[in-house]
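So you can see what is in the structure, the chains are spelled out below.
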Amino acid sequence: MSAGIVCVDVPGLPPQNAVLMLREQGIVASSTSYATSYLGLGPSIVTTPEQVDEAVEAVAALA
């Protein structure tokens, strides 16, 4: 069992905007504080496969 942070670059969409759009859909996300900022998702042991699918679909819809 493990978890990790998934960093995503959505072309043409600043990470902060993506975070707000995903939160409107009930998906918790953040933007990284790296020199180049990314959309960050942090699934954990309590994240269900269905929630992962939902997040992937929501991020894909942003592009």
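Scroll up to find the structure.
As the structure is a prediction and not an experimental result, all values here were calculated from the model.

Draft legend 1. Fine view of the overall build of the protein chain. Along the protein chain, the regular secondary structure elements total two helices and three strands. Along the protein chain, helices and strands appear, N-terminal first, in the series β-α-β-β-α. Computed over C-alpha atoms, the radius of gyration of the protein chain comes to 11 Å, within 12% of the 11 Å expected from 2.2 N^0.38 for 63 residues, which places it in the range of a compact globule. A principal-axis box enclosing the C-alpha atoms of the protein chain has dimensions of 30 × 25 × 15 Å.

Draft legend 2. Expanded view of the sheet that holds strand β1 (residues 6-8). Taken in spatial order, the three strands line up as β1-β3-β2 in an open sheet, and their pairing is antiparallel. Where the open sheet ends on each side, the last strands, each with one partner, are β1 and β2 (30-31). Relative to strand β3 (residues 39-41), β2 is paired through two bridges, and the arrangement is antiparallel. Residue Ser 31 lies in a different strand from β3, and its bridge partner there is Leu 39.

Draft legend 3. Expanded view of the nonpolar core. Counting residues in each nonpolar core, the largest one holds 13 residues, and the members touching the most others are Val 10, Leu 22, Ile 27, Ala 29, Leu 39, Val 59 and Leu 62. Those elements that provide at least two residues to this core are α1 (15-23), β3 and α2 (49-62). Here the element with the most residues in this core is α2; it accounts for four residues. Apart from the residues within four sequence positions on either side, Leu 62 is in contact with Val 10, Leu 13, Ala 18, Met 21 and Leu 22.

Draft legend 4. Quick look at the environment of Pro 15. Take Pro 15: it is sitting in helix α1. Using a relative accessible area of 15% as the deciding quantity, one classes Pro 15 as buried. Those residues in contact with Pro 15, other than ones at most four positions away along the chain, are Ser 31, Ser 37, Tyr 38 and Leu 39.

Draft legend 5. Representation of the environment of Thr 36. Mapped onto the elements of the fold, Thr 36 is located in the loop between β2 and β3. On a C-alpha basis, the gap between Thr 36 and Glu 50 in space is 30 Å, while along the polypeptide they are 14 residues apart.

Draft legend 6. View of a negative patch on the surface. A grouping of Glu 50, Asp 53, Glu 54 and Glu 57 is seen on the molecular surface, where their side chains present a negatively charged patch. Examined against the element boundaries, Asp 53 turns out to sit in helix α2.

The rules behind these values
- Residues numbered from 1 in each chain as written.
- Predicted model: local features only at pLDDT ≥ 70, side-chain atom pairs only at ≥ 80, totals over all residues.
- Heavy atoms only, no water.
- Helix = DSSP H or I, 4+ residues; strand = E, 2+ residues; numbered from the N terminus.
- Rg over C-alpha atoms; globule rule 2.2 N^0.38 Å.
- Pairing = 2+ DSSP bridges.
- Core = buried A, V, L, I, M, F, W, Y, C linked by side-chain atoms within 4.5 Å.
- Buried < 20%, exposed > 50% of the residue type's maximum accessible area, 1.4 Å probe, protein only.
- Contact = heavy atoms within 4.5 Å.
- Patch = residues over 30% accessible without salt bridge, like charges linked within 9 Å, V, L, I, M, F, W, Y side chains within 5 Å.
- Areas by Shrake-Rupley, 256 points an atom, 1.4 Å probe, with all protein chains shown as cover.
- Salt bridge = Lys/Arg side-chain N within 4 Å of Asp/Glu carboxyl O.
- Lys, Arg positive; Asp, Glu negative; His and termini not counted.
- Charge placed at Lys NZ, Arg CZ, Asp CG, Glu CD.

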